Amino acid sequence: MINFNKKDFEFYSKELFLCDSPTGFTHKAIELVKRFVGELGYESKVLNNGALEISIKGKDSSKVVATSAHIDTLGLMVRSIKGNGNLALTTLGGPSTPTLDGEYCKVYTRDGRVYQGTIISTSPAAHVYKDANSKSRDIDSLEVRLDEVVKSKTDVEKLGIQNGDIVCYDTKFTITESGFLKTRFIDDKASAVILLMLLKYVKENNLEFKYDTKIYFIVYEEVGHGASTVSSSIDEFVTLDMGCVGLDLAGNEFAVSICAKDSNGPYDYELTTRLINLAKENNLDYTVDIFPFYGSDVGAARSAGVDFKGALIGTGVAASHGMERTHIKGIENTLKLIYLYLIK
């Protein structure tokens, strides 16, 4: 069984979580992952849509299996520049916007400049606005206050900021002594870390993949079409993404969640059962669950017409799309399950 290397986990996590990669602005993170896998001795290629594909020859070529994690995260974009020099916003993906009030952020311009700012309510001061506490924190009630001397739209434009510029908010990346990973974008950078740890372990221990395997780092999952460009040759596709925690769901932060059904319908019955049996036979902490407000890269690939058996697994994540949290035990159980599927 694969060993969970805490040092590798901490290294890859810090590198990935601190690299801004909102959906549509993922080139830096993909370059980072490409460098990591290249240093491990794997060949990879960047697809036209920006995703990274790794093709690995397995012991058995009778079928092609695939796995993936999406490297793109939630984010924001400048919708317009206001007369007072603040920035109106639009969302990239579906962040929980009330959690953004007060967050530090960076604005990336098209010519490579980066500016600091803070996301604030349009009624930010309790001493000034009667509705400072009660006002909605939807995206139209939030704006960026730049940490620059700007008093007008013209002042902002002189900085090179324009509509369509990317706004990235602080991850607050933390690994606690008690083993919790608390940060934004565990969905789905934790899964990307898992795949990097898997690739490193396989290489260091001279192991082989059971079947010809494709591993993808996807870049447009948060807007629904991430895995639409996966190879048409794959026969099975087990994607890694977050497991949901809350309400009547069985998932928790310490277990690997195996999803039986999401908003797009059921996952492949035979493949999902096979993963459940692998978890059970190897004494993994796992749950089987239904994710009613959820879609994954398996659905995106299916919608693109790729013919395969599909399944979804991932560590349980609390407060998804907000201030997320999971535990290294959940990450470890997910790592072990994908290892059992692909390697053992």
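Everything below is about the structure printed above this text.
Rules used in this analysis
- Residues numbered from 1 in each chain as written.
- Predicted model: local features only at pLDDT ≥ 70, side-chain atom pairs only at ≥ 80, totals over all residues.
- Heavy atoms only, no water.
- Axes fitted to C-alpha atoms, helices over the stretch in contact; angles between N-to-C directions.
- Helix = DSSP H or I, 4+ residues; strand = E, 2+ residues; numbered from the N terminus.
- Parallel < 35°, antiparallel > 145°, perpendicular 65-115°, else oblique.
- Left-handed = near helix turned anticlockwise from the far one by under 90°.
- Contact = heavy atoms within 4.5 Å.
- Nonpolar A, V, L, I, M, F, W, Y, C, P; charged D, E, K, R; others polar.
- Disulfide = S-S within 2.5 Å.
- Buried < 20%, exposed > 50% of the residue type's maximum accessible area, 1.4 Å probe, protein only.

## Some remarks on the packing of helix α1 (residues 6-17) against helix α2 (residues 27-39)
Between two packed helices, both the angle of their axes relative to each other and the distance between the axes serve to describe the pair. Close contact between α1 and α2 brings their axes to 10 Å; oriented N to C, the two are set at 155 degrees. In this view, α1 runs roughly antiparallel relative to α2, as classed from their interaxial angle. As for the relative orientation of α1 and α2, their crossing is right-handed in sense. Along the contact surface, α1 presents Phe11, Tyr12, Glu15 and Leu16, while α2 presents Leu32, Val33 and Phe36. Of the residues assigned to the contact of α1 with α2, the class counts are six nonpolar, no polar and one charged.

## Quick look at unusual backbone geometry
That bond from Asp187 to Asp188 is cis: its omega, 10 degrees, falls within 30 degrees of zero. On the secondary structure map, Asp188 appears in helix α4 (residues 186-204). With phi around 55 degrees, Asn283 is a residue other than glycine that occupies positive phi space. Within the secondary structure layout, Asn283 lies in the loop between α5 (269-281) and β17 (286-291).

## Looking at the state of the cysteines
In a disulfide, the sulfur atoms of two cysteines are held together by a covalent bond. By the definition in use, this model includes zero disulfides. Its sulfur unpaired, Cys19 is 9.3 Å from the next cysteine sulfur, which belongs to Cys168. On the accessibility criterion, Cys19 (14% relative accessible area) is buried.

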